[in-house]
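So the chains spell out like this:
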Amino acid sequence: MLLQKRLPEAAALLLCGFFVAAGLLLLPYPGAQYDELLFLNGVLRPEVAEFWAELPWAGRVPTMQMSYLGTLKAFLYKPVFGVWGLSDWTLRVPVLLLGAASVWLFFLAARRLGGAKAAVAAAALLATDACYLLTSLFDWGPVAIQHFCLTAGLYAMVRFGQEQQARWLFAGAFFAGLGLWDKALFLWVLGGFGVGVLAVFPGEVWRVARERRLAAAAVLGFTLGAAPFLHYNLKTGWRTFQGTARRDTLSALFQKTVVLDRTLDGAGLFGYLVRESPEGQAADLTENEKRVVALAQRLGMPRQSWQALLLVLALAAAPVLNWGTGRRKMALATAIAIVVAWGQMAWTREAGGSVHHAILLWPLWHLQAALAAAALFERAGRKAAVAVFSVFAFCAVSNAAVLLTYGAHFIAFGPQPVWTGASRALVQFLEAQPGRAAFAADWGMLHEILFYGKNRIPMIGHADGIVMRLDADPQAARELEAALADPKQLFITYTEGRDVFPDTRKKLIAFAQSRGYQRRSVALIADRHGVAVFEIHEFTR
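Along the protein, the regular secondary structure elements total 23 helices and seven strands. Against the compact-globule benchmark of 24 Å for 541 residues, the protein has a radius of gyration of 25 Å, which places it among compact chains. Once the C-alpha set of the protein is aligned to its principal axes, its extents read approximately 80 × 60 × 50 Å. Counting across all 541 residues of the protein, residues that qualify as buried make up 56%. Here the protein contributes 51 positive and 38 negative side-chain charges, whose respective centroids are spaced 9 Å apart.

This is the structure we're talking about:
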């Protein structure tokens, strides 16, 4: 009996193990990416933070990196980097483990709502979801802390709903506030759940509001979690919310719908994270890498998972299937939360149009799937229950096949230039030039040099915006002239045709030549596939 009771937990732990193992296998292939390293300023260059707080026991502490981005991740990583140093492993293993913890918390919450079988089935989808794993592992959103706060808050609120203990309400509110401090876009999901809860649980909300002990727990928990975010906005006139709510166009709405669909089926990161086709031959493939590519080719390089169809059906079906059960309200609230949260993404200009935005709705889709499965398991006979579980298992295997294709693309085609592993070789070259400084002229270089160079390579901290502003900002021209006059500077661009900011390489060279400088191409830095990604220039008169 005890063994039977523990089997679902063992299955969930195995799924978390799969999540970690798959992540570890993929971890080394891309180089660190600019947005993935954005929090690094809070660790290595806290002076560039937007806002600071004076704490009696710690002095002046950076609390907001940008108006919408807190320094929570920097605080969590500072001891990690302090003990184990800066590397791809110390950068990515913590968020990978955080993603696995989110899968576990999701399982615990889903088990309380829908039973063990439904929880395991839905957790299998989440743990094998390609976009969920990749956005957690490479965390350029950032999304890993957002997912953890959402699942931890969800679990705590489910416990509160079932046990009515103030400590769980406090914990749920705390994680809601913490997620908001991490990144203000957490408001999308908070707003969605807020509408859903008010619409479906008005009596329960009113009871919490009337009972002082519960109201105090909710207010105190949220205030503590979001304290740095609230303090910043109180001091700056709510700057986070200034100019961020412009309505988008209908054509953008269509594009965002496509992004959501591609996030659901796992295809959303092909062409962004990995190349779609080879530009060169990978060097020194191991036997295991050859097996991965061969297996993916044997399966037909699947790019889309059947999970998408299951999750969309579950969104609508869960409330209907649970209409006569105690889960009806939760299914309705979750459906409303998904629709309202995505509606905010769709409505807001310059937001919601990328996978790292759409993925913020995870694991709410999977929660709906768990609730739908719970209703089916209750109504179905043994054979029908096996069929339901088989559908979930088939979709989980389909997820894993898409994940395998990503692995094969990393190996055979390589990551896209903004994720290039050539950034490691670039830093090795720069470290071999004693007394020289690096001018990172384009986007996607500066943070990478800072990270792999362990903050030891001299750089102009805002160099990646100077060339871009030449046409509109006289100050940018003066700054570039000063850099060109410095014989220590090595200027780094992408190779011709690979610019991120349009024509950066061309503008840099033209500006230097117009000031009488001669250019010398010092080196081309290639990736594992022999593709030249970076070019290093020297300018002399």
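After that view of the structure, there is still more to cover.
For the structure shown, the criterion picks out 28 salt bridges. In this structure, R207 engages E211 in a salt bridge whose closest nitrogen and oxygen atoms are separated by 3.3 Å. The closest approach of N and O atoms between R515 and E481, which form a salt bridge, is 2.9 Å. In this pair, R515 is assigned in the loop between α23 (504-514) and β6 (518-526) and E481 in helix α22 (residues 474-485), connecting sequence segments 34 residues apart. Relative accessible area serves as the criterion here: at 32%, E481 is assigned to the partly exposed category. Linked through salt bridges whose partners overlap, the residues forming this network are R275, E279, R498 and D527.

The subject of this paragraph is a nonpolar patch on the surface. There is a patch of nonpolar side chains on the surface, built from L187, L234, W238 and F241 and spanning about 390 Å² of accessible area. With respect to the secondary-structure elements, L187 resides in helix α9 (residues 186-200).

Residue P142 is bonded to the preceding G141 through a cis peptide linkage, with omega at -10 degrees. Its location among the elements puts P142 in the loop between α6 (130-138) and α7 (144-163). Residue P363 is bonded to the preceding W362 through a cis peptide linkage, with omega at 5 degrees. For P363, the location among the structural elements is in the loop between α17 (355-358) and α18 (364-379).

Attention now moves to the packing of helix α13 (residues 250-264) against helix α16 (residues 328-347). Orientation of α13 relative to α16, taken along the N-to-C sense of each, is 135 degrees, at an axis distance of 9 Å. Viewed along their axes, α13 and α16 adopt a mutual orientation that is oblique. Judged by the twist between their axes, the crossing of α13 over α16 is right-handed. Counting all contacts with α13, which are made through L253, K256, T257 and L260, the residues of α16 involved are W342, M345 and A346. The residue inventory of the contact of α13 with α16, partitioned by class, reads five nonpolar, one polar and one charged.

Turning to the pairing of strand β5 (residues 489-494), a few remarks are in order. Where burial is concerned, most of β5 is hidden: six out of the six residues are buried. In β5, alternate side chains face the same way, and those of Q489, F491 and T493 on one face and L490, I492 and Y494 on the other are all buried. As paired elements, β5 and strand β7 (residues 532-540) share four bridges and run antiparallel to each other. Bridge pairing links I492 to I536 in β7.

Attention now goes to the sheet that holds strand β2 (residues 59-66). With antiparallel pairing, three strands are arranged side by side in an open sheet as β1-β2-β3. Strands at the two margins of the open sheet, each flanked by one partner only, are β1 (51-55) and β3 (69-70). Set on the sheet, helix α12 (residues 227-236) makes contact with β1 and β2; between it and β1 the angle comes to about 110 degrees.

The rules behind the values
Residues numbered from 1 in each chain as written. Predicted model: local features only at pLDDT ≥ 70, side-chain atom pairs only at ≥ 80, totals over all residues. Heavy atoms only, no water. Helix = DSSP H or I, 4+ residues; strand = E, 2+ residues; numbered from the N terminus. Rg over C-alpha atoms; globule rule 2.2 N^0.38 Å. Buried < 20%, exposed > 50% of the residue type's maximum accessible area, 1.4 Å probe, protein only. Lys, Arg positive; Asp, Glu negative; His and termini not counted. Charge placed at Lys NZ, Arg CZ, Asp CG, Glu CD. Salt bridge = Lys/Arg side-chain N within 4 Å of Asp/Glu carboxyl O. Patch = residues over 30% accessible without salt bridge, like charges linked within 9 Å, V, L, I, M, F, W, Y side chains within 5 Å. Areas by Shrake-Rupley, 256 points an atom, 1.4 Å probe, with all protein chains shown as cover. Axes fitted to C-alpha atoms, helices over the stretch in contact; angles between N-to-C directions. Parallel < 35°, antiparallel > 145°, perpendicular 65-115°, else oblique. Left-handed = near helix turned anticlockwise from the far one by under 90°. Contact = heavy atoms within 4.5 Å. Nonpolar A, V, L, I, M, F, W, Y, C, P; charged D, E, K, R; others polar. Pairing = 2+ DSSP bridges.

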